[in-house]
Amino acid sequence: GAVVSQHPSWVICKSGTSVKIECRSLDFQATTMFWYRQFPKQSLMLMATSNEGSKATYEQGVEKDKFLINHASLTLSTLTVTSAHPEDSSFYICSAEEAGGWYEQYFGPGTRLTVT
Amino acid sequence: AQSVAQPEDQVNVAEGNPLTVKCTYSVSGNPYLFWYVQYPNRGLQFLLKYITGDNLVKGSYGFEAEFNKSQTSFHLKKPSALVSDSALYFCAVRDPRALTFGSGTRLQVQP
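Conventions we followed
- Each chain has its residues counted from 1, running along the sequence as written.
- Naming scheme: in the order in which they are written, chains are lettered from A and ligands are numbered from 1.
- Where local features are concerned, this predicted model is filtered to residues with pLDDT of at least 70; where side-chain atom pairs are given and counted, the filter is 80 or more; whole-chain, interface and lining totals use all residues.
- The side-chain quantities take in all heavy atoms of the structure and omit both hydrogens and water.
- Helix and strand labels come from DSSP, where a helix needs a run of H or I of at least four residues and a strand needs a run of E of at least two; each type is numbered from the N terminus.
- Under the scheme applied here, a residue whose accessible area is under 20% of the maximum for its type counts as buried, over 50% as exposed, and between as partly exposed, the area being computed with a 1.4 Å probe on protein chains only.
- All accessibility values rest on the Shrake-Rupley procedure with a 1.4 Å probe; residue burial counts only the protein chains present in the view.
- Definition used in this section: a nonpolar core is a set of buried Ala, Val, Leu, Ile, Met, Phe, Trp, Tyr and Cys residues joined via side-chain atoms within 4.5 Å.
- Whether two residues are in contact is decided by their heavy atoms, any of which lying within 4.5 Å being enough.
- Whenever a nitrogen or oxygen atom comes within 3.5 Å of another N or O atom, the pair is scored as a polar contact, on the condition that within protein one atom can donate a hydrogen and the other can accept it, and that pairs from neighbouring residues in sequence are kept only if both atoms are in side chains.
- Here a salt bridge means any side-chain nitrogen of Lys or Arg lying within 4 Å of a carboxyl oxygen belonging to Asp or Glu.
- We call a pair of cysteine sulfur atoms a disulfide whenever their separation is within 2.5 Å.

1. Quick notes on the overall build of chain B
Logical step 1: What chain B contains, in helices and strands, is zero helices and twelve strands.
Logical step 2: Seen in sequence order, chain B has helices and strands lined up from the N terminus as β-β-β-β-β-β-β-β-β-β-β-β.
Logical step 3: Taken over the C-alpha atoms alone, chain B extends approximately 40 × 30 × 20 Å along its principal axes.
Logical step 4: Put simply, chain B has 111 residues, and 46% of those count as buried.
Logical step 5: On chain B, roughly 5,300 Å² of surface is accessible, and the fraction owed to carbon and sulfur atoms is 47%.

Here it is in structure tokens:
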């Protein structure tokens, strides 16, 4: 089956620093990748959608200058949290969709970000 | 705007009993519906989907879901629950843009 990986699985960083999270589709080409944020005991909130080679589309209320998304290839998307603050601490999950895949998204295992 | 509702925050069931996790949806046009399961500190795993065709959809791990257009529901079911089924379950609806998730239902299966 289709596999999506995320790296790192968890990261602790100091307030004011930046952290990059990678999302890779391992055995398929992902024309579209999605980034979600999940707070404890809550549902997934879509942050942005990215298509390979084009700018990401951000959801309302998501700061594009703070959450930088790059989808440089058909197998890799990155989310950079810039100038992180404690309120950015969360569980970040990516997913990937294959062209013609009947909208089925494959999810990565998630990245736990803690900002101290 | 499309949406899904999961009216139960938690469902408790004894091992071996049938289980149902409820989901209702609101969309314009034909619904593309999904169920995902999430284990602690993990991403989501795909269980099943309804795109078109038979109203009863069979998925992974013995789960199935019934699409009911008149009641706008897509309830997740399993004939006999296992303790290992205990997890967080999300219903979702897809439009050309993205998935919209329900609030999630925690399933607790007691031995």
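So much for the structure itself; the text now carries on.
2. Concerning the nonpolar core
For soluble globular proteins, the rule of thumb is that nonpolar side chains tend to be buried together.
Logical step 1: Formed by 26 residues in total, the largest nonpolar core has its most connected members in Trp35, Leu47, Leu48, Phe74, Leu76 and Tyr89 of chain B.
Logical step 2: Elements with a minimum of two residues in this core: strand 2 (10-14), strand 3 (19-21), strand 5 (32-38), strand 6 (44-50), strand 8 (64-68), strand 9 (73-78), strand 10 (87-94) and strand 12 (105-110) of chain B.
Logical step 3: A total of four residues in this core trace back to one element, the largest contributor, which is strand 10 of chain B.
Logical step 4: The residues contacting Leu76 of chain B, other than those within four sequence positions of it, are Leu19, Thr20, Val21, Trp35, Leu47, Leu48, Phe63, Glu64, Ala65 and Tyr89 of chain B.
Logical step 5: One finds Val4, Phe28, Ala56 and Tyr92 of chain A within the second-largest nonpolar core, a separate group that totals 24 residues.

3. With respect to the side chain of Arg94 of chain B
Logical step 1: By secondary structure assignment, the location of Arg94 of chain B is in strand 10.
Logical step 2: Within polar-contact distance, the side chain of Arg94 of chain B engages the side chain of Glu97 of chain A at 2.5 Å.
Logical step 3: Excluding residues that lie within four positions of it along the chain, Arg94 of chain B makes contacts with Phe34, Glu97, Tyr103 and Gln105 of chain A together with Gln2, Tyr32, Phe34 and Leu99 of chain B.

4. As for the pattern of salt bridges
Logical step 1: Tallying each qualifying case throughout the model produces seven salt bridges over all chains.
Logical step 2: We note a salt bridge from Glu22 of chain A to Arg24 of chain A, for which the minimum N-O separation is 3.4 Å.
Logical step 3: By relative accessible area, which is 24% here, Glu22 of chain A ends up partly exposed.
Logical step 4: Residue Glu97 of chain A pairs with Arg94 of chain B through a salt bridge whose shortest N-O separation is 2.5 Å. Here Glu97 of chain A is found in strand 9 (residues 90-98), whereas its partner Arg94 of chain B is found in strand 10 on a different chain.

5. Let's talk about the state of the cysteines
Logical step 1: Per the counting criterion, the structure on display carries two disulfides over all chains.
Logical step 2: The disulfide partner of Cys23 of chain A is Cys94 of chain A, and the S-S distance across this bridge is 2.0 Å. Looking down the S-S bond of the Cys23 of chain A and Cys94 of chain A bridge, the torsion is 80°, so its handedness is right-handed. In this pair, Cys23 of chain A sits in strand 3 (residues 19-25) while Cys94 of chain A sits in strand 9, placing the two residues 71 residues apart along the sequence. Of the two residues examined, Cys23 of chain A and Cys94 of chain A, each falls in the buried class.
Logical step 3: In this model, Cys23 of chain B is linked to Cys91 of chain B through a disulfide, with the two sulfur atoms separated by 2.0 Å. Between Cys23 of chain B and Cys91 of chain B the disulfide shows an S-S torsion of about -60°. By sign, it is left-handed. Of this pair, Cys23 of chain B sits in the loop between strand 3 and strand 4 (24-26) while Cys91 of chain B is found in strand 10, placing the two residues 68 residues apart along the sequence. Summarising the burial analysis for this pair, Cys23 of chain B and Cys91 of chain B share the class buried.

6. Structural notes on unusual backbone geometry
Logical step 1: The amide bond that connects His7 of chain A to the next residue, Pro8 of chain A, takes the cis arrangement and shows omega of 0°.
Logical step 2: With respect to the helices, strands and loops of the structure, Pro8 of chain A is situated in the loop between strand 1 (4-7) and strand 2 (10-13).
Logical step 3: In this model, Tyr61 of chain B sits at a positive phi of 60°, which is unusual for a non-glycine residue.
Logical step 4: You can see Tyr61 of chain B is positioned in the loop between strand 7 (56-58) and strand 8.
Logical step 5: Positive phi is not limited to glycine here, since Thr72 of chain B has a value of about 45°.
Logical step 6: Within the secondary structure, Thr72 of chain B sits in the loop between strand 8 and strand 9.

Structural measurements only, silent on function.
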